[in-house]
Amino acid sequence: MSVTLSIERAVINSGAQDQITRAEQPSSSLWFGLFALFPLLILAAVLSLYSPEGVRWSLPWVPSLGLALSFRLDGLSFLFACLISGIGTMVQVYALAYLREHKQRFAFHCYLTAFMVAMLGVVLSDNVLLLFVFWELTTVTSYLLIGFNHEALKSRKNALQSLLITGAGGLALLAGLILLGSMAGSYELTGILSQAGELSSHSLFLPSLVLILLGALTKSAQFPFHFWLPNAMAAPTPVSAYLHSATMVKAGIYLLAVVSPIYAHTELWFYTLTIMGGFTALWCALMALKQTDLKLMLAYSTTVVLGKLTFLLGIGSDLALKSA
């Protein structure tokens, strides 16, 4: 009799516990749903603020260093902001189910949101030094996301690899942006672009071009830096979808598009981007054919697209830019 009562109590307690768990799940899902609501609100804000003439905001930050919190929303940044926030909403929703049972799901959503904010900062910054700050924040947050399953040696190794490659490219980019600002006498992107035709005769023009290309090409996984992107697929699938297919690897493409009015008329720009972009597209297409893992197939196909975008930006004609 006592054994039967114990079993009945255990069953009742278990059922009650299940009811409590089920009762807690909607509340928990509701709180986590805010992570998906945030990018959706950003998307709505971007759509409502956009103007064909462009919108600009500026606030002094470190005037002695020429650093201001200046942002602009023009056609190109509008396109990328919609891409980042729109796909970010879908990935956050997907991650709600993908990581439902993971004990560190809250940290994951926080990392993903921090990355999204950093990526938005890259495409909206009108100050090149501020752009670099957000650029490095994407590097740090991507390191945390790629190595999210840190118990696995492969995840830690590949996260460190991406950090070293994109971080080194970021240092080259910083030097290039400083040289570019020195040539123009301003670190505001709007002011630099307004002098695009006058900068080519400066002695720092060629070094700034080489350094900025290094930063952009490492970020967008162009040959010979392409290998870090497939290796980064060790990350959870929402990370692969958001960072390595949709957004982070496009940061280099965005940078190339932004500075193309300054450098696109040079032979170094043309030959570097067309050769590296074309070879990356062809080589990674061949590499994709031999893959049997779906994520690696998608990784190499993404690199193919990045190579084609780089190739088109290297050509630099109106038709090529529209195609890109």
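Going by the annotation in an unreviewed UniProt entry, the name recorded for the protein chain is Na(+) H(+) antiporter subunit A, with Vibrio variabilis given as the source organism.

J.: Hey, could you run me through the overall build of the protein chain in this one?
T.: Counting its regular elements, the protein chain contains 13 helices and two strands. In terms of its C-alpha atoms, the protein chain occupies a principal-axis envelope of roughly 95 × 50 × 35 Å. Looking at the 324 residues of the protein chain, the share that counts as buried comes to 48%. Counted over contacts in the protein chain with a minimum sequence separation of 6, partners at least 24 positions apart contribute 74%. Only carbon and sulfur atoms are counted for the fraction: they give 70% of the accessible area of the protein chain, which is about 15,500 Å². In the protein chain, 16 side chains carry a positive charge and 14 a negative one; their mean positions are 10 Å apart.

J.: Explanation requested: the UniProt feature "domain: NADH:quinone oxidoreductase/Mrp antiporter transmembrane" (unreviewed entry) in the protein chain in the structure shown.
T.: UniProt feature "domain: NADH:quinone oxidoreductase/Mrp antiporter transmembrane" (unreviewed entry): in the numbering of this structure it lies at residues 125-316. Annotated as 76% helix and 0% strand, the span residues 125-316 places its first and last C-alpha atoms 23 Å apart.

J.: Explain the pattern of salt bridges to me, please; I cannot follow it from the model alone.
T.: Close approach of charged atoms lets side chains of opposite charge pair. In the structure shown here, the tally under the stated rule is four salt bridges. Residue arginine 56 pairs with aspartate 126 through a salt bridge whose shortest N-O separation is 2.6 Å. Taken together, the residues span a long stretch of sequence, with arginine 56 in strand E1 (residues 55-62) and aspartate 126 in the loop between helix H3 (105-124) and helix H4 (128-146) at a distance of 70 residues. A residue is classified by how much of its surface remains accessible, and arginine 56, at 41% relative accessible area, is partly exposed. Note on aspartate 126: relative accessible area 0%, which makes it buried. Aspartate 126 is the salt-bridge partner of arginine 72, the closest N and O atoms lying 3.6 Å from each other. With a gap of 54 residues between them, arginine 72 in strand E2 (residues 67-73) and aspartate 126 in the loop between H3 and H4 connect regions that are remote in the sequence. Like aspartate 126, arginine 72 is buried. Several salt bridges share partner residues, and in doing so they unite Arg56, Arg72, Asp74, Asp126 and Glu188 into one network.

J.: Would you explain the packing of helix H2 (residues 75-98) against helix H9 (residues 237-246) in this entry?
T.: Any two packed helices are characterised by how steeply their axes cross, that is the angle between the axes, and by the distance between the axes. Their axes nearest at 9 Å, the elements H2 and H9 cross at an angle of 165°. One way to sum up the angle between H2 and H9 is to call them roughly antiparallel. By crossing handedness, the relation of H2 to H9 is classed as right-handed. Counting all contacts with H2, which are made through Leu83, Ile84, Ile87, Gly88, Val91, Tyr94, Ala95 and Tyr98, the residues of H9 involved are Thr237, Pro238, Tyr242 and Ala246. Of the residues contributing to the contact of H2 with H9, the split by class is ten nonpolar, two polar and no charged.

J.: What's the story with the confidence of the model for the protein chain in this structure? I'm lost.
T.: Regions with low pLDDT should not have their predicted coordinates read in detail. Across the protein chain, the average pLDDT comes to 85, with 90% of residues at 70 or higher. Counting interchain partners and residues more than four positions distant, the pLDDT-below-50 stretch residues 1-27 has zero contacts.

J.: What's the story with the pairing of E2 in this structure? I'm lost.
T.: Moving residue by residue along a regular strand, the side chains alternate between the two faces of the sheet. Burial runs high along E2: five of the seven residues are buried. Where E1 meets E2, seven bridges bridge the pair, whose relative direction is antiparallel. Within the sheet, the bridge partner assigned to proline 60 lies in E2 and is alanine 68.

J.: In this structure, what is going on with a nonpolar patch on the surface? I would like to understand it.
T.: Taken together, the side chains of Trp31, Leu34, Leu37, Leu40 and Leu41 make up a nonpolar region of the molecular surface, amounting to roughly 520 Å² of accessible area. Inspection of the secondary structure puts tryptophan 31 in helix H1 (residues 2-49). Overall, tryptophan 31 belongs to the exposed group, its relative accessible area being 59%.

J.: I keep staring at the environment of leucine 83 and nothing clicks. Help me out?
T.: With respect to the helices, strands and loops of the structure, leucine 83 is situated in helix H2. On the accessibility criterion, leucine 83 (30% relative accessible area) is partly exposed. It is 7.7 Å that separates the C-alpha atoms of leucine 83 and alanine 246, two residues lying 163 residues apart in sequence. In this structure, leucine 83 is in contact with Gly88 and Ala246, ignoring residues within four places of it in sequence.

J.: Help me out: how do you make sense of the packing of aromatic side chains in this one?
T.: Centre distance and the angle of the planes are the two values used to describe a pair of aromatic rings. Throughout the structure, instances matching the rule amount to twelve aromatic pairs. Relative to phenylalanine 279, the ring of phenylalanine 223 has its centre 4.7 Å away and its plane inclined at 65°; by these criteria the two rings are edge-to-face. Linking phenylalanine 223 in the loop between helix H7 (205-219) and helix H8 (228-231) with phenylalanine 279 in helix H11 (residues 267-289), this pair joins segments that are 56 residues apart in sequence. The exposure class assigned to phenylalanine 279 is partly exposed, which follows from its relative accessible area of 38%. Ring centres of phenylalanine 270 and tyrosine 271 lie 5.1 Å apart, and the angle between their planes is 80°; on these two criteria the pair is classed as edge-to-face. Judged by relative accessible area, which is 33%, phenylalanine 270 ranks as partly exposed. Members of the aromatic cluster, joined through ring pairs, are Phe205, Tyr263 and Trp269.

Conventions used here
Residues numbered from 1 in each chain as written. Predicted model: local features only at pLDDT ≥ 70, side-chain atom pairs only at ≥ 80, totals over all residues. Heavy atoms only, no water. Helix = DSSP H or I, 4+ residues; strand = E, 2+ residues; numbered from the N terminus. Buried < 20%, exposed > 50% of the residue type's maximum accessible area, 1.4 Å probe, protein only. Contact = heavy atoms within 4.5 Å. Areas by Shrake-Rupley, 256 points an atom, 1.4 Å probe, with all protein chains shown as cover. Lys, Arg positive; Asp, Glu negative; His and termini not counted. Charge placed at Lys NZ, Arg CZ, Asp CG, Glu CD. UniProt positions renumbered as here; feature names shortened; annotations may be inferred. Salt bridge = Lys/Arg side-chain N within 4 Å of Asp/Glu carboxyl O. Axes fitted to C-alpha atoms, helices over the stretch in contact; angles between N-to-C directions. Parallel < 35°, antiparallel > 145°, perpendicular 65-115°, else oblique. Left-handed = near helix turned anticlockwise from the far one by under 90°. Nonpolar A, V, L, I, M, F, W, Y, C, P; charged D, E, K, R; others polar. pLDDT = per-residue confidence, 0-100. Pairing = 2+ DSSP bridges. Patch = residues over 30% accessible without salt bridge, like charges linked within 9 Å, V, L, I, M, F, W, Y side chains within 5 Å. Phe/Tyr/Trp six-rings, centres within 6.5 Å; stacked < 30°, edge-to-face > 60°.

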